[in-house]
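Notes for the structure review
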Amino acid sequence: MLLKRQRQPQASKQASKPTHLQPTTPNLLDQPSIYDITTSNTHERSTFNLGLLPMADEQDIVIVGGGIIGCTTAYYLTRHPSYDPAKHRIILFEATKIAGGASGKAGGLLARWAYPSSIVPLSWRLHDELAREHSGVERWGYRRVHAGSLDAQPSAPTSADDGETGRTDGDETIAEQLRASGVPEDLTWLDPSTILSYSSLGSPSNTAQVHPYQFTTSMASLAAEKGVKIILGTVTDIQYTTSPLQSTSPSSNKKGSGTARAVSGVTYTRTDTSTPQTHPATTLILTAGPWTPTLLPSLTIPAHRAHSIVIHPSKPISAHALFTSLPTGLNPEIYPRPDSTIYACGPTDSLIPLPSTTALVEVDHKRCEDIRKQISAISPALRDGEVVTEQACYLPGGGPWIGPVGKEEGLLVAAGHTCWGIMNAPATGKLVAEMVFEGKAKSASVRSLDPRRGMW
Ligand SMILES: Cc1cc2nc3c(=O)[nH]c(=O)nc-3n(C[C@H](O)[C@H](O)[C@H](O)COP(=O)(O)OP(=O)(O)OC[C@H]3O[C@@H](n4cnc5c(N)ncnc54)[C@H](O)[C@@H]3O)c2cc1C
């Protein structure tokens with residue numbers, strides 16, 4: 001399975017692709033987004049009662065999982081107008097370290113042409129707002145970028161294994177060659193002789209990026225500043241209370257005995273002790289990415305490992321995200337970052353099932369080396385660069401699922417975000433906060449993301 005295939009916009013919703021890319025604009029934060037949506041519009045078409053009760057009294061809100069979804073959820077809970085730190089105690093449990101999984105090891109591409117279309121416009125706007133409010137350019141490398149699809153055929157390698165091209169043309173000559181073949185001329189870090197075709201997928205008006213680790217840890221810090229307590233520990237069990245059915249809420253369990261189950265707490269073990277403890281919970285939000293089914297087995301979230309590397313290139317690289325298509329079929333995705341590094345990820349594999357924690361993810365050096373060879377074969381600047389990170393993580397699939405699970409009062413899920421979890425995290429967090437404090441999602445429609453669709 002290739003990440004690239006999953007990234008393609010759904011056919012029916014695909015925006016028409018520009019035929020020519022504009023020169024790179026390093027940062028368009030000072031420009032208004034042309035994709036802004038108005039709250040009133042969104043509200044009108046999307047209000048959907050989820051059967052949760054708006055919060056009035058003291059509450060213990062527990063979030064399980066400190067990836068990007070858990071951290072943006074914590075952030076937006078603390079920014080909701082009804083949040084009152086004197087009444088609402090929010091705890092975020094993270095089993096290993098904040099952003100230790102996919103949220104810290106992803107590419108970080110954001111696109112107005114991502115999916116699902118129900119939440120992408122909201123999330124695109126919120127990324128922009130977050131960057132403006134919290135200096136995202138400096139803090140998490142937010143910037144607008146170009147994105148393109150590159151079909152390439154590496155030249156015959158000069159060394160048997162390395163795909164080296166041995167080209168030494170200067171940037172001006174390369175730019176001329178690129179221009180002649182209709183390829184953006186700032187892609188001088190590519191070997192033009194390897195390019196078969198290039199097509200634009202996005203421009204700075206609808207495509208951006210963040211450094212996902214920096215973004216996620218910033219969200220965690222900003223939430224903590226407003227009162228969220230972060231505990232490093234693994235949640236192992238959920239406790240419920242059962243009472244005679246009184247509620248007419250659609251989220252009640254009306255089957256069988258006429259009783260309702262409501263979340264009452266969690267059992268957890270801190271990383272610095274082996275003694276299980278309990279913590280009360282009136283609202284429990286599961287944001288454990290691919291690990292969510294360990295606490296909610298009826299929810300299906302496929303998990304696939306993916307490797308990636310970070311390189312210090314030998315020369316500056318333009319702000320161009322590239323989805324490659326190479327004869328080997330490995331097709332790495334390449335994301336230059338504003339910190340002068342480039343990130344590249346390869347295809348997913350199913351060789352090793354999901355380990356129990358992010359700390360136990362196995363990194364296969366050969367798979368990282370395969371990524372390096374592929375990108376080296378089309379770019380002398382990457383070939384001559386230095387690999388500074390080799391890593392792997394698990395991509396959560398199936399969703400995104402956002403909302404209450406239905407049978408148990410007070411239990412919500414936000415997981416299974418596929419290859420667009422970095423993009424869709426702010427919308428997810430905001431919508432979950434609305435569900436918790438107002439009983440329903442107001443800023444976008446989440447009907448199609450109802451977790452019950454992914455449960456058996
Ligand atoms: C190679 C790759 C590249 C990607 N590139 C992009 C991209 O460019 N743009 C984009 O939008 N998306 C991208 N994604 C997708 C994105 O990374 C994911 O969708 C997103 O990170 C999922 O976030 P999450 O918070 O749901 O899960 P995770 O990041 O997996 O976080 C889950 C957290 O829960 C914790 N946890 C698990 N169980 C427990 C427990 N019982 N108790 C306490 N804590 C627990 C884990 O330790 C972990 O920290 C990419 C993914 C991959 C694999």
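In case you missed it, the structure is sitting above this.
Since the structure is predicted, the reported quantities are computational estimates derived from the model, not experimental observations.

Overview of the site of the ligand
Close to the ligand lie 44 residues, the nearest being Gly65, Gly67, Gly107, Gly289 and Gly421. Counting only elements with at least two residues in the shell around the ligand, the list comes to helix 3 (68-79), strand 3 (88-94), helix 4 (102-105), strand 9 (229-244), strand 13 (303-312), strand 17 (386-396) and helix 11 (421-438). Partitioned by chemical class, the residues of the shell around the ligand number 24 nonpolar, 19 polar and 1 charged.

Regarding the sheet that holds strand 13
An order of 7-6-14-15-16-13-17 is seen for the 7 strands of this open sheet, with the pairing classed as mixed. The outermost strands of the open sheet, each flanked by one partner alone, are strand 7 (195-202) and strand 17. Strand-to-strand, the axes of this sheet are offset by a mean angle of 20°, without reference to chain direction. Examined bridge by bridge, strand 13 and strand 17 share 10 bridges and lie antiparallel to one another. Residue Ala303 lies in a different strand from strand 17, and its bridge partner there is Pro396.

What about the environment of Ala415?
Checked against the element boundaries, Ala415 lands in strand 20 (residues 411-415). Measuring from C-alpha to C-alpha, the distance between Ala415 and Pro290 comes to 7.5 Å, with 125 residues separating the pair along the chain. With sequence-adjacent residues up to four places away left out, Ala415 is seen in contact with Ile69, Leu286, Thr287, Ala288, Gly289, Thr292, Ile301, Pro396, Gly399 and Trp401.

A look at helix 11
Given a rise of 1.5 Å per residue, 18 residues ought to cover 26 Å, and the 24 Å separating the end C-alpha atoms of helix 11 matches this to within 8%. At Ala427, helix 11 shows its maximal bend, which comes to roughly 30°. Once helix 11 ends, the next one or two residues include Gly439, with phi positive near 85°.

Cut-offs used in this document
- The residue count restarts for each chain, going from 1 along the sequence in the order it is written.
- pLDDT decides what is reported in this predicted model: residues at 70 or higher carry local features, side-chain atom pairs at 80 or more are listed and counted, and totals for whole chains, interfaces and linings draw on all residues regardless.
- As a rule, any residue with its backbone-derived C-beta atom within 6 Å of a molecule or strand is reported as near that molecule or strand.
- Secondary structure elements are taken from DSSP: a helix is a run of H or I of four residues or more, a strand is a run of E of two residues or more, and numbering for both begins at the N terminus.
- In this count, Pro and Cys sit with the nonpolar residues alongside Ala, Val, Leu, Ile, Met, Phe, Trp and Tyr, while Asp, Glu, Lys and Arg are called charged and the others, Gly among them, polar.
- In this scheme, strands are said to pair when DSSP sees at least two bridges between them.
- Here the axes come from fitting lines to C-alpha atoms, over the contacting stretch only for helices, and the angles between their N-to-C directions go from 0 to 180 degrees.
- Once C-beta atoms have been placed from the backbone, residue pairs whose C-beta atoms lie within 7 Å are recorded as contacts.
- Helix span, expected: 1.5 Å multiplied by one less than the number of residues in the helix.
- Bend, in this description, refers to the angle at a residue between axes fitted to the seven residues ending there and the seven starting there.

Limitation: the analysis is restricted to geometry and does not speak to function.
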